[in-house]
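# Remarks on the overall topology
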Amino acid sequence: MLKWVIGNWKMNGSLKEAHDFAEGAVKKLPHVSSHVMLGIAPPFLYLSGMLGILRDTAMMVGAQTCSDRGQYGPYTGDVSASMIKDVGANFVIIGHSERRSHGETSTSIASQIACALEAGLSVVLCVGETMEERDSGLAKAVVLKQLESSLPKHAPAKTEQFFAIAYEPVWAIGTGRLPMPEELSEMTHFCRQIMKDRWQIDIPVLYGGSVKPSNVHDVLIASKASGVLVGGASLSPEDFFQLVANLP
Ligand code: PEP
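Note on numbering: residues in each chain are counted from 1, in written sequence order. Reporting of local features is limited, given that this is a predicted model, to residues whose pLDDT is at least 70; pairs of side-chain atoms are given and counted only at 80 or more, and all residues count toward the totals for whole chains, interfaces and linings. To obtain the side-chain values, all non-hydrogen atoms of the structure were included, while hydrogens and water were left out.

The next thing to look at is the state of the cysteines. Cysteine sulfur pairs qualify as disulfides if the two atoms are within 2.5 Å. Applying the stated rule across the entire model yields zero disulfides. With no disulfide of its own, Cys 126 has Cys 191 as its nearest cysteine by sulfur position, at a separation of 11 Å. Burial classes: relative accessible area under 20% of the type maximum marks a residue as buried, over 50% as exposed, and values in between as partly exposed (1.4 Å probe, protein chains only). You can call Cys 126 buried: its relative accessible area is 1%. On the basis of relative accessible area, Cys 191 is assigned to the buried category, the value being 0%.

If you want it as structure tokens, here you go:
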């Protein structure tokens, strides 16, 4: 079975760090099993540089968001899915909680997904509950609503486009806190089931939140997730590839 490791740099890194990561990856990639799908999502500005180095490798490069307003137009500051595709990237992370908490709504997330799929990009859709929602017993209801309100009716028709869900409890992102093993497996199973009911196919369900080289093995065994979405531990090629080496 394929295992996924996708890195999300958020608003971190520099031109030099992007270059060094890509050069480091070129050296490490030949030692990675072909059953591992790897992706990295740097800030927009570093996409082209990293793609230039990683273009002929198995490492996918993607963006952290895309415009919800179509592919071209008078939208100052927006970057469209077509532009992301045009520079050679192949996926986009959509609906990260750090963007939801800055005003992204399920309507805009649904539009971003539509734009991404139209442009030929693959999608990693992030969902997850806050601590208050979990404490109120609402974790599943929140995740269900996030999925139902933003997913297209049908799975992407093109086989070269993947669609993955990243279950990321907001309270576990960047905090060093992890859900209990049974919470992990319950929620990833829940996401997988929703997607199966909706699209009648199995899609990758990743876990994200404080995953590091030291805990990735246990997290994946406990969660039965298809892989991980990694923030802090994706910033250096050493950490990123140590995490890959420690996959179960
Ligand atoms: C994330 O931002 O998606 C994430 C999982 O971050 P971290 O690994 O740093 O918790």
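This part covers the pairing of strand S3 (residues 59–63). Per the convention used, a helix needs a DSSP run of H or I reaching at least four residues, while a strand needs a run of E reaching at least two, with both numbered from the N terminus. Judged by how many residues are buried, S3 sits mostly within the fold: five of five residues are covered. The alternating pattern of S3 places Met 59, Val 61 and Ala 63 on one face and Met 60 and Gly 62 on the opposite face, and all of these are buried. Sheet topology places strand S2 (residues 36–41) next to S3; three bridges connect them, and they run parallel. Along S3, the bridge assignment pairs Gly 39 with Met 60. Whether a crossover is right-handed depends on one test, that the path from the first strand over the helix to the second runs clockwise when the strands point away from the viewer. Running through helix H2 (residues 47–54), the crossover from S2 to the neighbouring parallel element S3 is right-handed. We treat two strands as partners when DSSP finds at least two bridges between them. Relative to strand S4 (residues 91–94), S3 is paired through two bridges, and the arrangement is parallel. Each residue of the ladder has a partner; that of Gly 62, found in S4, is Phe 91. With helix H3 (residues 81–86) bridging S3 and its parallel neighbour S4, the resulting β-α-β unit is right-handed.

Put simply, two rings from Phe, Tyr or Trp (the six-membered ring, in Trp's case) pair if the centres are within 6.5 Å, and we call them stacked under 30 degrees between planes, edge-to-face over 60, tilted for the rest. Enumeration according to the criterion identifies seven aromatic pairs in this entry. Ring centres of Tyr 167 and Tyr 207 lie 6.4 Å apart, and the angle between their planes is 50 degrees; on these two criteria the pair is classed as tilted. Placement of Tyr 167 in strand S6 (residues 163–167) and of Tyr 207 in strand S7 (residues 205–208) is noted, with a sequence separation of 40 residues between them. Among the aromatic residues, those joined into a ring-pair cluster are Trp 9, Phe 21, Phe 240 and Phe 241.

Each reported salt bridge corresponds to a side-chain nitrogen of Lys or Arg within 4 Å of a carboxyl oxygen of Asp or Glu. All chains considered together, the criterion is met by eight salt bridges. Glu 98 is the partner of Lys 10 in a salt bridge, and the nearest nitrogen-oxygen pair spans 2.8 Å. Taken as a pair, Lys 10 in the loop between strand S1 (3–8) and helix H1 (15–28) and Glu 98 in helix H4 (residues 97–100) lie far apart in primary sequence, 88 residues in all. By relative accessible area, which is 35% here, Glu 98 ends up partly exposed. When the shortest N-O distance is used, the salt bridge between Glu 186 and Lys 140 registers 3.1 Å. Taken as a pair, Glu 186 in helix H8 (residues 181–199) and Lys 140 in helix H7 (residues 139–150) lie far apart in primary sequence, 46 residues in all. For Lys 140, a relative accessible area of 32% puts it in the partly exposed group. One continuous salt-bridge network, built from bridges that share partners, spans Glu 129, Arg 134 and Glu 183.

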